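Each chain, written out:
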Amino acid sequence: MQSASRTLTALFRGSTRHNSGARASLQQFYSRNFSTSGEEFDSHSDFKPVHKPDQDVLSVKEQIDADIKANPVMLYMKGVPGAPQCGFSAMATQILQIHGVPFAARNILEDQELRQAMKTYSNWPTFPQLYINGEFIGGCDILKKLHESGELKEMLKSVPRN
Amino acid sequence: MGVSKKVVEAALQSKLNPTFLSVLDTSGGCGASFMVEIASAAFEGKRLLERHRLVNAALADEMKEIHALSVTKALTPQQWQEQAQTSKTS
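First, a word on scope: everything that follows refers to the structure included in this document. Computed from a prediction, not measured in an experiment: that's the story for all the values here.

## Let's talk about the overall build of chain B
Right, so step 1: Across its full length, chain B carries 4 helices and 3 strands.
Right, so step 2: Reading the helices (α) and strands (β) of chain B from amino to carboxyl end gives α-β-β-α-α-β-α.
Right, so step 3: Every one of the 90 residues in chain B was classed for burial, and the buried ones make up 39%.
Right, so step 4: Of the contacts formed within chain B by residues at least 6 apart in sequence, a portion of 58% connects residues at least 24 apart.
Right, so step 5: For chain B, the exposed area adds up to about 4900 Å²; of that, 54% sits on carbon and sulfur atoms.

Structure follows, in structure tokens:
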């Protein structure tokens, strides 16, 4: 259900963007969205969360479980790492980049269902939200403090570098 | 929309009984973004994440209206004393 609705939004956006030849673009979107599995065309491929093909049918919660399990450093943010849409998300991205760890990110602005689910899942009202090795670390303020105190460096030691 | 600085202060005051509290409206007056510095005995023996959770919980109702809450300091009264000392001497 979840991924179906996600693709549907993409479809809508796509069809309004290409007003002329709506049918042709619709077909384009069909082939683009349904031929590949779990692809989100808004995120940069470098930061794309790791997917297994059969995860398309997962519920939001299962999706989060899978994301934070598959990605040692997982950031839920506003915007994408290359173009954050909020100062706090930008800072979180920068701090992670300073440490040079690979991380995956999800843009919660593109997915209202995920946005609400994350608040409950983490019991945390705002974004960004950071997970390291499946554990909720906190938001921007906490990340900044951990960075300044040197604790973040320790926590990221176990994360494999590219 | 948004909440006033006074409302945020009152909520934190009543729920966390702080020994120090500073609430700054960083939204330019529209009440959507706040910066908080707080010292409270409630933080004793708690990790940073848990301290922030206490602040978030104290402001649970207000958070619906607040876009951004930045907790720059969440210290125990003793930690507050210590950092006040160091910032004075340095």
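## Description of the interface of chain A and chain B
Right, so step 1: The partner chain B presents 14 residues to the 14 residues of chain A that form the contact.
Right, so step 2: Between chain A and chain B, the buried area comes to about 1100 Å², and carbon and sulfur atoms account for 59% of it.
Right, so step 3: At the boundary of chain A with chain B, the tally comes to 0 salt bridges.
Right, so step 4: On the surface where chain A and chain B come into contact, there are 5 residue pairs in polar contact (both at pLDDT 80 or more).

## Some points on the nonpolar core
It is characteristic of soluble globular proteins that their nonpolar side chains tend to be buried jointly.
Right, so step 1: With 33 residues, the main nonpolar core has Val73, Leu75, Tyr76 and Leu130 of chain A as its most contacted residues.
Right, so step 2: Those elements that provide at least two residues to this core are helix 3 (60–70), strand 1 (73–77), helix 4 (87–98), strand 4 (104–107), helix 5 (112–122), strand 5 (129–132), strand 6 (135–138) and helix 6 (140–149) of chain A.
Right, so step 3: When residues of this core are assigned to their parent elements, the largest contribution, 5 residues, is made by strand 1 of chain A.
Right, so step 4: Those residues within four positions of Tyr76 of chain A in sequence are excluded, and the remaining contacts are Ile64, Asp67, Ile68, Arg106, Ile108, Leu114, Met118, Phe127, Pro128, Gln129 and Tyr131 of chain A.
Right, so step 5: Counting residues in each nonpolar core, the second largest holds 18 residues, with Ala11, Leu16, Val55 and Ala74 of chain B among its members.

## Quick word on the sheet that holds strand 1 (residues 20–25) of chain B
Residue and element names in this part refer to chain B.
Right, so step 1: Taken in spatial order, the 3 strands line up as 1-2-3 in an open sheet, and their pairing is mixed. Here the strands that pair on one side only, and so sit at the sheet edges, are strand 1 and strand 3 (68–75). Averaged over all pairs of adjacent strands, the angle between strand axes in this sheet comes to 10 degrees, irrespective of strand direction.
Right, so step 2: With 6 bridges joining them, strand 1 and strand 2 (residues 33–39) adopt antiparallel strand pairing. Its bridge partner being in strand 2, Leu21 is matched across the sheet by Ile38.

## Considering the packing of helix 3 of chain A against helix 5 of chain A
All names here are of chain A.
Right, so step 1: Running from amino to carboxyl end, helix 3 crosses helix 5 at an angle of 70 degrees, the nearest separation of the two axes being 10 Å. Judged by the inter-axis angle, helix 3 sits roughly perpendicular to helix 5. For the pair helix 3 and helix 5, the contacting residues are Val60, Lys61, Ile64, Asp65 and Ile68 in the first and Glu113, Leu114, Ala117, Met118 and Tyr121 in the second.
Right, so step 2: The residue makeup of the contact of helix 3 with helix 5, split by class, is 7 nonpolar, no polar and 3 charged.

## What about unusual backbone geometry?
Right, so step 1: Of note, the bond from Phe127 of chain A into Pro128 of chain A is cis; its omega dihedral lies within 30 degrees of zero at 10 degrees.
Right, so step 2: Mapped onto the elements of the fold, Pro128 of chain A is located in the loop between helix 5 and strand 5.
Right, so step 3: You will see that Asn123 of chain A, though not glycine, has its phi angle at about 50 degrees, which is positive.
Right, so step 4: Along the chain, Asn123 of chain A turns up in the loop between helix 5 and strand 5.
Right, so step 5: Exposure remark for Asn123 of chain A: the relative accessible area of 53% places this residue in the exposed category.
Right, so step 6: The phi dihedral of Asn17 of chain B is positive, around 45 degrees, even though this residue is not glycine.
Right, so step 7: Overall, Asn17 of chain B belongs to the exposed group, its relative accessible area being 60%.

## Focus: the pattern of salt bridges
Residues and elements named next belong to chain B.
Right, so step 1: Throughout the structure, instances matching the rule amount to 7 salt bridges over all chains.
Right, so step 2: Lys5 serves as the salt-bridge partner of Glu9, at 3.0 Å between the closest nitrogen and oxygen. Of this pair, Glu9 and Lys5 are both found in helix 1 (residues 5–16), 4 residues apart, which corresponds to roughly one turn of the helix.
Right, so step 3: Note on Glu9: relative accessible area 24%, which makes it partly exposed.
Right, so step 4: Residue classification places Lys5 among the partly exposed residues on the basis of a relative accessible area of 36%.
Right, so step 5: With a shortest N-O distance of 3.6 Å, Lys64 and Asp61 are connected by a salt bridge. This pair shows no difference in class: Lys64 is exposed, exactly as Asp61 is.

Here is what the cut-offs are and how they apply
- Residues numbered from 1 in each chain as written.
- Chains lettered and ligands numbered in written order.
- Predicted model: local features only at pLDDT ≥ 70, side-chain atom pairs only at ≥ 80, totals over all residues.
- Heavy atoms only, no water.
- Helix = DSSP H or I, 4+ residues; strand = E, 2+ residues; numbered from the N terminus.
- Buried < 20%, exposed > 50% of the residue type's maximum accessible area, 1.4 Å probe, protein only.
- Contact = heavy atoms within 4.5 Å.
- Areas by Shrake-Rupley, 256 points an atom, 1.4 Å probe, with all protein chains shown as cover.
- Buried area = accessible area lost by both parts, 1.4 Å probe.
- Salt bridge = Lys/Arg side-chain N within 4 Å of Asp/Glu carboxyl O.
- Polar contact = N/O pair within 3.5 Å; in protein donor to acceptor, adjacent residues only side chain to side chain.
- Core = buried A, V, L, I, M, F, W, Y, C linked by side-chain atoms within 4.5 Å.
- Pairing = 2+ DSSP bridges.
- Axes fitted to C-alpha atoms, helices over the stretch in contact; angles between N-to-C directions.
- Parallel < 35°, antiparallel > 145°, perpendicular 65-115°, else oblique.
- Nonpolar A, V, L, I, M, F, W, Y, C, P; charged D, E, K, R; others polar.

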